[in-house]
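# Per-entry structural report
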Amino acid sequence: MSFATETKNELSRITPEKKCCMLAEIGGFMRFAGSVGLAGLGKFRISMTTPHLAVVRHYKALIKSYFQVDTEIEAGQGEGFARGKSYTITIGPENNSEMILREVGILIVREGFNTISDGIYEGLVRTKCCRKAYLRGAFLAAGTVSSPDKSYHLEIAASTETQARDLRRLINTFVDISPKVIERKKGWGVYLKAREQIADTLAIMGASSKFFEYLDVIMRKDIYTKAGKAERLDLANMDKALKASEKQRADIMKIAEKKGLDYLSPKLREVAEARLEHPDVGIEELGKLLDPPLSKSGVNNRLRRISEAAKEL
């Protein structure tokens, strides 16, 4: 089961406590998963399609709880994001479909005629809790989220540019979340790629377990990345130290061949002999081998003087 499906299954178990949030979530789902058709004599039929059985059961129960109507469910083949097996919730005129469309702000009167609106009805999303519920409905209708093990991407599909831009505006009301809008081959998309913003969006919608799972993966990947960087840094430092040791031993051998190590002062000779005997140890460890032990800066100072003496030969 995909991460997106698991997320939707978790969200489908949430039942809003407030009536206003129930209506907002139904409105979000209906706007992004629904279509409106004529049923004759100017009546309307609402159809909402999803490939997720848990989502269907959730909205059938939620619609019954709020509107006190029974919906019909049909199984079939989906299209687009719902390609494969799909389920359709239908509300006909006999179940007050027109009243429902008006209450969620999809059916409005314009210039004396019934008109299907295109964007998000502001009356549904006046409060923060209702905006969260609406976003949850939109995601359950047409959303997807990648597993953080693979990539960072959350997107909600919209059929029109107006819907996409209204949804982006709604998501922008939450702190530090800035989605982008993109035109797809069929419709539009509202998406996030910043991993922290995706995690926050999961939390806002109410997917608590997926939120913590997302954070866990992020933290684990960060640890691996930091460990990899530390390992690469250690290897680079080791390589640098070995090259420095080779240069130091070359200077010492030059002095030994041309003048002999007695050419050096007793203190410099002690460091030179220690370096020849221990070519692989670091500067700090080299200082500990001297008698008495010498600090790292002291060893570096003496090695620098040996190098200067070699240059003069």
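Everything below is about the structure shown above.
The text that follows walks through the structure, step by step, so that each part is easy to find. Just so you know, these numbers come straight off a predicted model, no measurement behind them. (Residues numbered from 1 in each chain as written. Predicted model: local features only at pLDDT ≥ 70, side-chain atom pairs only at ≥ 80, totals over all residues. Heavy atoms only, no water.)

### Brief notes about the overall build of the protein chain
Put simply, the rule is: Every helix listed is a DSSP run of H or I at least four residues long, and every strand listed is a run of E at least two residues long, numbered separately from the N terminus. Radius of gyration: over C-alpha atoms. The globule rule applied is 2.2 Å multiplied by the number of residues raised to the 0.38 power. Partly exposed residues are those whose accessible area sits between 20% and 50% of the maximum for their type, while under 20% is buried and over 50% is exposed, using a 1.4 Å probe and protein chains only. Note on definitions: a residue-residue contact is assigned when non-hydrogen atoms from the two residues lie within 4.5 Å. Areas reported as accessible are Shrake-Rupley estimates using a 1.4 Å probe. Residue values count occlusion only from the protein chains shown.
When helices and strands are counted, the protein chain shows 11 helices and 10 strands. Taking 20 Å as the expected radius of gyration for a compact globule of 313 residues, we find that the protein chain reaches 35 Å, considerably beyond that expectation. A principal-axis box enclosing the C-alpha atoms of the protein chain has dimensions of 115 × 35 × 35 Å. Looking at the 313 residues of the protein chain, the share that counts as buried comes to 43%. A sequence separation of at least 24 residues applies to 62% of the contacts in the protein chain between residues at least 6 apart. Taken as a whole, the protein chain presents about 17200 Å² of accessible surface, with 51% of it coming from carbon and sulfur.

### Some words on the packing of aromatic side chains
This is how the line gets drawn: Any Phe, Tyr or Trp ring, taking Trp's six-membered ring, that has another such ring centre within 6.5 Å forms a pair; planes under 30 degrees apart are called stacked, those over 60 apart edge-to-face, and the others tilted.
With the rule as written, the count across this model stands at six aromatic pairs. Measuring from centroid to centroid gives 5.0 Å for Phe 211 and Phe 212, while their planes differ by 65°, and the two rings are edge-to-face. By relative accessible area, Phe 211 is classed as buried at 16%. The exposure class of Phe 212 is exposed, given its relative accessible area of 54%. The structure contains a cluster of three or more aromatic residues connected by ring pairs, namely Phe 3, Tyr 152 and Tyr 214.

### Quick notes on the nonpolar core
Put simply, the test is: The definition of a nonpolar core used throughout is a set of buried Ala, Val, Leu, Ile, Met, Phe, Trp, Tyr and Cys residues joined through side-chain atoms within 4.5 Å.
The biggest cluster of nonpolar side chains holds 65 residues, and the ones touching the most others in it are Phe 29, Met 30, Phe 32, Phe 67, Leu 135 and Leu 167. Not counting residues up to four positions away in its chain, the partners in contact with Leu 135 are Ile 156, Leu 167, Leu 170, Ile 171, Phe 174, Thr 201, Ile 204 and Met 205. Counting 16 residues, the second-largest nonpolar core is a separate cluster that includes Ile 252, Leu 261, Leu 268 and Ala 272.

### Overview of helix 3 (residues 53-67)
Note the following rule: A helix is expected to reach a length of 1.5 Å times the quantity of its residues less one. Summarising the geometry, the arc corresponds to the directions from the helix axis toward the C-beta atoms.
For helix 3, spanning 15 residues, the distance from its first C-alpha to its last is 21 Å, which sits close to the expected 21 Å at 1.5 Å a residue. Taken together, the buried positions of helix 3 are occupied by Val 55, Val 56, His 58, Tyr 59, Leu 62, Ile 63, Tyr 66 and Phe 67. Angular distribution of buried residues about the axis of helix 3 spans 160°; they occupy a single face of the element. The first or second residue beyond helix 3 is Gln 68, which carries a positive phi of 60°.

### Observations regarding the pattern of salt bridges
For clarity, the cut-off: Only one rule defines a salt bridge in this text: a Lys or Arg side-chain nitrogen within 4 Å of an Asp or Glu carboxyl oxygen.
If you walk through the whole model with that rule in mind, you get 15 salt bridges. Arg 102 serves as the salt-bridge partner of Glu 98, at 2.9 Å between the closest nitrogen and oxygen. Within this pair, Glu 98 and its partner Arg 102 are both found in helix 4 (residues 97-103), separated by four residues, close to a single helical turn. Given the relative accessible area of 26%, Glu 98 is considered partly exposed. Here Arg 195 makes a salt bridge to Glu 196, at a shortest N to O gap of 3.0 Å. Looking at Arg 195, the relative accessible area reads 21%, which means it is partly exposed. In the salt-bridge network here, residues are joined through shared partners; they are Glu 6, Lys 210 and Glu 213.

### Describing helix 5 (residues 128-142)
The terminal C-alpha atoms of helix 5, which comprises 15 residues, lie 21 Å apart, in line with the 21 Å expected from a rise of 1.5 Å per residue. Where burial is concerned, most of helix 5 is hidden: 12 out of the 15 residues are buried. For helix 5, the complete set of buried residues consists of Cys 130, Arg 131, Ala 133, Tyr 134, Leu 135, Arg 136, Gly 137, Ala 138, Phe 139, Leu 140, Ala 141 and Ala 142.

### Regarding unusual backbone geometry
At the junction of Asp 291 and Pro 292, the peptide bond is cis and its omega measures out at 5° in the coordinates. By secondary structure assignment, the location of Pro 292 is in the loop between helix 10 (283-288) and helix 11 (296-311). Residue Asn 96 is not a glycine yet carries a positive backbone phi of 60°. Tracing the backbone through its elements, the reader meets Asn 96 in the loop between strand 4 (84-91) and helix 4. Owing to a relative accessible area of 42%, Asn 96 belongs among the partly exposed residues under this scheme.

### Comments concerning the packing of helix 9 (residues 266-277) against helix 11
We count it as follows: To obtain each axis, a line is fitted to C-alpha atoms, and for helices this fit is confined to the stretch in contact; angles are then taken between N-to-C directions over 0 to 180 degrees. Here the word oblique covers every angle except those under 35 degrees (roughly parallel), over 145 (roughly antiparallel) and from 65 to 115 (roughly perpendicular). Under the grouping applied here, Gly and all other residues not named as nonpolar or charged are polar, the nonpolar ones being Ala, Val, Leu, Ile, Met, Phe, Trp, Tyr, Cys and Pro and the charged ones Asp, Glu, Lys and Arg.
It is the contact of helix 9 with helix 11, at a shortest axis distance of 10 Å, that shows an interaxial angle of 95°. One finds that helix 9 runs roughly perpendicular with respect to helix 11. Within the contact between the two elements, helix 9 uses Lys 267, Leu 268, Glu 270, Val 271 and Ala 272 and helix 11 uses Arg 302, Leu 303, Arg 305 and Ile 306. Looking at side-chain class alone, the contact of helix 9 with helix 11 contains five nonpolar, no polar and four charged residues.

### Comments concerning the pairing of strand 5 (residues 107-110)
Quick reminder of the rule: At least two bridges found by DSSP between two strands is the condition for calling them paired.
Relative to strand 6 (residues 113-116), strand 5 runs antiparallel, the two sharing four bridges. Residue pairing across strands places Ile 108 opposite Thr 115, the latter belonging to strand 6. From the end of strand 5 to the start of strand 6, which pair antiparallel, there are two residues, and Glu 111 there has a positive phi angle of about 55°.

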